[in-house]
Amino acid sequence: RTFREALDVDRNDAELHGGLASALVMQRKFEEAKQEVSRAFKLDRRCFGAVFAQSVMLKLSGNDQRSTELMAAMLNSSPRAGGTTLLDGLIKYWRDQGAEKGASSNLPSEPRQ
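Worth saying up front: this structure is predicted, and the values here are computed from it rather than measured. (Residues numbered from 1 in each chain as written. Predicted model: local features only at pLDDT ≥ 70, side-chain atom pairs only at ≥ 80, totals over all residues. Heavy atoms only, no water.)

Participant: How do you make sense of the overall build of the protein when you look at a structure like this?
Facilitator: The helix and strand tally for the protein stands at six helices and zero strands. Each helix and strand of the protein, ordered N terminal to C terminal, gives the series α-α-α-α-α-α. Looking at the 113 residues of the protein, the share that counts as buried comes to 30%. For the protein, the share of sequence-separated contacts (at least 6 apart) that also reach a separation of at least 24 residues comes to 37%. If you sum the accessible surface of the protein, you get close to 7,600 Å²; carbon and sulfur atoms cover 52% of it. (Helix = DSSP H or I, 4+ residues; strand = E, 2+ residues; numbered from the N terminus. Buried < 20%, exposed > 50% of the residue type's maximum accessible area, 1.4 Å probe, protein only. Contact = heavy atoms within 4.5 Å. Areas by Shrake-Rupley, 256 points an atom, 1.4 Å probe, with all protein chains shown as cover.)

Participant: Would you mind showing me how to read the side chain of E36 here?
Facilitator: You can see E36 is positioned in helix α3 (residues 30-43). Taking relative accessible area as the criterion, E36 reaches 5% and is therefore assigned buried. Here H17 takes part through its side chain, which lies 2.6 Å from a polar atom of the side chain of E36. Among all residues touching E36, those that are not within four sequence positions of it are L7, H17, L20, A21 and L24. (Polar contact = N/O pair within 3.5 Å; in protein donor to acceptor, adjacent residues only side chain to side chain.)

Participant: Honestly, the packing of aromatic side chains in this entry has me stumped. Any pointers?
Facilitator: Two aromatic rings, taken as a pair, are described by how far apart their centres are and by the angle between their planes. Counting across every chain of the model gives one aromatic pair. Seen from their ring centres, F48 and F52 are 6.5 Å apart, and the 15° between their planes marks the pair as stacked. In this pair, F48 and F52 are both assigned in helix α4 (residues 48-60), four residues apart and thus about one turn of the helix distant. In this structure F52 comes out as partly exposed when scored by relative accessible area, which is 29%. Of note, R45 hangs over the ring of F41, and the distance from its end group to the ring centre comes to 4.1 Å. (Phe/Tyr/Trp six-rings, centres within 6.5 Å; stacked < 30°, edge-to-face > 60°. Lys NZ or Arg CZ within 6 Å of the ring centre and 35° of its normal.)

Participant: How should the pattern of salt bridges be read in this particular structure?
Facilitator: Close approach of charged atoms allows side chains with opposite charge to pair. Tallying each qualifying case throughout the model produces seven salt bridges. Between D64 and K59 there is a salt bridge whose closest N-O contact spans 3.5 Å. Assessed through its relative accessible area of 46%, K59 is described here as partly exposed. Note that D96 and K92 form a salt bridge whose closest N and O atoms lie 2.7 Å from each other. With D96 and K92 both in helix α6 (residues 86-100) and four residues apart, this pair spans about one turn of that helix. (Salt bridge = Lys/Arg side-chain N within 4 Å of Asp/Glu carboxyl O.)

Participant: Any chance you could explain helix α5 (residues 64-75) here in plain terms?
Facilitator: The periodicity of an α-helix, 3.6 residues per turn, causes residues three or four places apart in sequence to face the same way. The first and last C-alpha atoms of α5 sit 17 Å apart over twelve residues, in line with the 16 Å expected at 1.5 Å per residue. Along α5, the residues that are buried comprise S67, L70, M71 and M74. In an axial view of α5, the angular spread of the buried residues amounts to 90°, which keeps them on one side of the axis. Turned more than 90 degrees off the buried face of α5, the exposed positions are Q65 and T68. Those residues of α5 that are buried lie in contact with α4 and α6. (Expected span 1.5 Å × (residues − 1). Arc of directions from axis to C-beta.)

Shown next, in the form of structure tokens:
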């Protein structure tokens, strides 16, 4: 409902379409999810929500390798030209969270190069 309400405000936001697609996948509404993935990709080929939804649908259909490849490519990409990758951002976040809690971590101390 939240994604649909937000799309009523801005139909040109790729991540809203991708988020709706992800929610629809979890509800097993695959045809509608595919339509939202398509809309998201028309707006932004690097839409995380659409890639996530597509990856889950591939996994559920038994295409584990392609599913993993899609998510790996997304996590190893940067949302900005010349920026850090999404995976590097996650590693930094997890490391910072561990430091806040005083926990040691097995994560790298610096982003990958």
